[in-house]
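Okay, here's what each chain looks like letter by letter:
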Amino acid sequence: MRVLITGITGFVGSHLAEYALTQEGVEVYGTVRWRSRLDNVEHLLDRIKLVDCDLRDGVAVRRTLEEVKPDYIFHLAAQSFVPTSWKAPAETFITNVISQLHILEAIRELGLRDTRVHVAGSSEEYGMVYEHETPITEENPLRPLSPYAVSKVAQDLLAYQYHQSYGIYTVRTRAFNHTGPRRGHVFVESDFTRQVALIEKGKKEPVIEVGNLEARRDFSDVRDIVRGYWLSLEMGEPGEVYNLGSGKAITIRELLDLILSFTDIEIEIRQVPERMRPSDVMLLVADYTKFHKATGWEPTIPLERTIEDLLNYWRERV
Ligand code: GDD
């Protein structure tokens, strides 16, 4: 079985590649661009096949799918940082939406009827959520609050539409926040653990810079999430959408407290205006019942272990 992972050199892509390699009879392919950094997949290079393909180039995408003829595609490549989408909304749309259109169009034109496509949506699609609307099911309204979130709604609905219009086998997931080793340093839990590691090494004054600590998020371990992605194509219904999360919300302040509980150093907390957003999503918490019923999936790794693994990852690198 041939599996193609877009964004294989990214955080989630590298974990999904590791998971896919544990499955019997699977060949793992991944798309890369000429300037992609390979650090995240260095340890996998003798077991995966990398294909040069910029997903924003429709001709290159078509050629890649013609060559690889994947049974499964996990489409993870994206501009995934919310604040960047305020600064570069058009770029975010081209990377996220147009690239996916190229994949779906190539599948349609090449007649790849048996190829299953997983589309990675996001809990950010729900955006403005009121307390009485939680936990969030797939039926909640989509009220995106950033260009990034709107791009994910577009990806999500395009996957739905291509299934309805052309019968293409798409399954959509809306994962809530997920983290673990190799998480990009701009995201909150990775940024905070990295700052702690720098402080421990004496490379930064004992002050941790933060933004909005009142937002609430639902964190899972990336290793649980990629197992869910795999199950979504194995057992999910084509055309359907599924939430993946822990079902528990914590404030960013509680997350920070948890991170600080792993260090002995006295650290001052300083809120800086540059870290605040034009509008923030204040509350995200998943109801993953639908996915559990379809696949039996549930999260297994406690947040404490995930955060400790992430902190140790940064301790080895700063
Ligand atoms: N990045 C960052 N840095 N966020 C901070 C900081 C800080 O110093 N201080 C507070 N926050 C708050 C943000 O305002 C936000 O409310 C929350 O921490 C989480 O921010 P991020 O880690 O940047 O992630 P996100 O929730 O915006 O988006 C992530 O999760 C989505 C799924 O829910 C990303 O991984 C998205 O790609 C993903 O779709």
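So, a few notes on the structure that sits alongside this text. (Residues numbered from 1 in each chain as written. Predicted model: local features only at pLDDT ≥ 70, side-chain atom pairs only at ≥ 80, totals over all residues. Heavy atoms only, no water.)

A count of helical and extended segments in the chain gives ten helices and 13 strands. The C-alpha atoms of the chain give a radius of gyration of 19 Å, which matches the 20 Å a tight globule of 318 residues would have. Overall, the chain is about 60 × 45 × 40 Å in size when its C-alpha atoms are taken along their principal axes. Residue pairs in contact within the chain that sit at least 24 positions apart in sequence constitute 79% of those at least 6 positions apart. Total accessible area on the chain is roughly 14,000 Å²; 50% of this is exposed by carbon and sulfur atoms. Between the averaged position of the 38 positive side-chain charges in the chain and that of its 48 negative side-chain charges there is a distance of 3 Å. (Helix = DSSP H or I, 4+ residues; strand = E, 2+ residues; numbered from the N terminus. Rg over C-alpha atoms; globule rule 2.2 N^0.38 Å. Contact = heavy atoms within 4.5 Å. Areas by Shrake-Rupley, 256 points an atom, 1.4 Å probe, with all protein chains shown as cover. Lys, Arg positive; Asp, Glu negative; His and termini not counted. Charge placed at Lys NZ, Arg CZ, Asp CG, Glu CD.)

So, on to the packing of aromatic side chains. Under the defined criterion, the tally for this structure stands at eleven aromatic pairs. The interplanar angle of 65° and the centroid separation of 6.2 Å between the aromatic rings of tyrosine 19 and tryptophan 230 together place this pair among those described as edge-to-face. Of this pair, tyrosine 19 sits in helix 1 (residues 11-21) while tryptophan 230 sits in helix 7 (residues 222-235); the two residues are 211 residues apart in sequence, bridging distant segments of the chain. Here the aromatic rings of phenylalanine 291 and tryptophan 297 are separated by 5.7 Å at their centres, their planes lie at 50°, and the arrangement is tilted. Looking at tryptophan 297, the relative accessible area reads 1%, which means it is buried. An aromatic cluster is built from Tyr19, Tyr72, Phe74 and Trp230, whose rings are joined through pairwise contacts. The ring of tyrosine 29 carries the charged tip of lysine 49 above its face, separated from the ring centre by 5.3 Å. One cation-aromatic arrangement involves lysine 290 over tyrosine 242; the distance from NZ or CZ to the ring centre is 5.2 Å. (Phe/Tyr/Trp six-rings, centres within 6.5 Å; stacked < 30°, edge-to-face > 60°. Buried < 20%, exposed > 50% of the residue type's maximum accessible area, 1.4 Å probe, protein only. Lys NZ or Arg CZ within 6 Å of the ring centre and 35° of its normal.)

Here we take up unusual backbone geometry. A cis amide bond links threonine 134 to the next residue, proline 135, at an omega of -10°. Following the sequence through the fold, proline 135 ends up in the loop between strand 5 (116-122) and helix 5 (147-166). Phi is positive for lysine 69, which is not a glycine, with a value near 45°. With respect to the helices and strands, the residue lysine 69 is situated in the loop between helix 2 (58-68) and strand 4 (72-75). A positive phi angle, near 80°, is found at arginine 182, a position not held by glycine.

Bringing the environment of aspartate 257 into the picture now. Relative to the helices and strands, aspartate 257 resides in helix 8 (residues 252-260). Here the alpha-carbon distance between aspartate 257 and valine 285, two residues 28 residues apart in the chain, equals 19 Å.

Let us now look at the site of the ligand. What surrounds the ligand is a group of 24 residues, the closest being Ser80, Ser122, Ser123, Tyr148 and Asp280. Measuring from an oxygen atom of the ligand, one finds a backbone N or O atom of serine 80 at 2.6 Å. Arginine 277 is positioned with one of its side-chain polar atoms (N or O) 2.7 Å from an oxygen atom of the ligand. Protein chains shield 96% of the accessible area of the ligand, which is 710 Å² for the free molecule. Of the residues that constitute the shell around the ligand, the class distribution is twelve nonpolar, six polar and six charged. For the shell around the ligand, the domains that each give at least three residues are domain 1 (2-178 + 220-244) and domain 2 (181-217 + 248-315). (Near = heavy atom within 4 Å. Polar contact = N/O pair within 3.5 Å; in protein donor to acceptor, adjacent residues only side chain to side chain. Nonpolar A, V, L, I, M, F, W, Y, C, P; charged D, E, K, R; others polar. Domains from an automatic or database assignment.)

This next bit is on the nonpolar core. For soluble globular proteins, the rule of thumb is that nonpolar side chains tend to be buried together. Of all hydrophobic cores here, the largest spans 33 residues; its most connected members are Ile5, Ile8, Val28, Phe74, Leu76, Tyr229 and Leu244. Secondary-structure elements contributing two or more residues to this core are strand 1 (2-6), helix 1, strand 2 (27-32), strand 4, strand 6 (169-175), helix 7 and strand 11 (241-244). It is helix 7 that provides the largest number of residues to this core, a total of seven residues. Counting contributing residues per domain, this core is built from domain 1 (2-178 + 220-244) and domain 2 (181-217 + 248-315), each supplying no fewer than three. Ignoring anything within four residues of it in the chain, the contact list for isoleucine 5 reads Gly13, Leu16, Ala17, Val28, Tyr29, Gly30, Thr31, Phe74 and Leu76. In this structure, Tyr29, Leu65, Ala77 and Ile107 belong to the second largest nonpolar core, which totals 23 residues. (Core = buried A, V, L, I, M, F, W, Y, C linked by side-chain atoms within 4.5 Å.)

Let us look at the side chain of threonine 9. Structurally, the position occupied by threonine 9 is in the loop between strand 1 and helix 1. Using a relative accessible area of 15% as the deciding quantity, one classes threonine 9 as buried.

If a probe as big as a water molecule is rolled over the atoms, it shows which places are left empty. Roughly 220 Å³ of volume is contained in the second largest pocket. Residue lining of the second largest pocket: 14 residues in total, with Phe219, Ser246, Lys248, Ile301 and Leu303 positioned closest to the centre. Contributing elements (two or more residues each) for the lining of the second largest pocket: strand 10 (220-221) and helix 10 (303-315). If one sorts the elements of the lining of the second largest pocket by residue count, helix 10 sits on top with three residues. Residues of the lining of the second largest pocket, tallied by class, amount to six nonpolar, four polar and four charged. Composition of the lining of the second largest pocket by domain shows at least three residues from each of domain 1 (2-178 + 220-244) and domain 2 (181-217 + 248-315). (1 Å grid on protein atoms, 1.4 Å probe; cavity = no way out; pocket = protein on both sides within 12 Å on 5 of 7 lines; lining within 4 Å. Points joined across faces, edges and corners; volume = space filled by probe spheres on them.)

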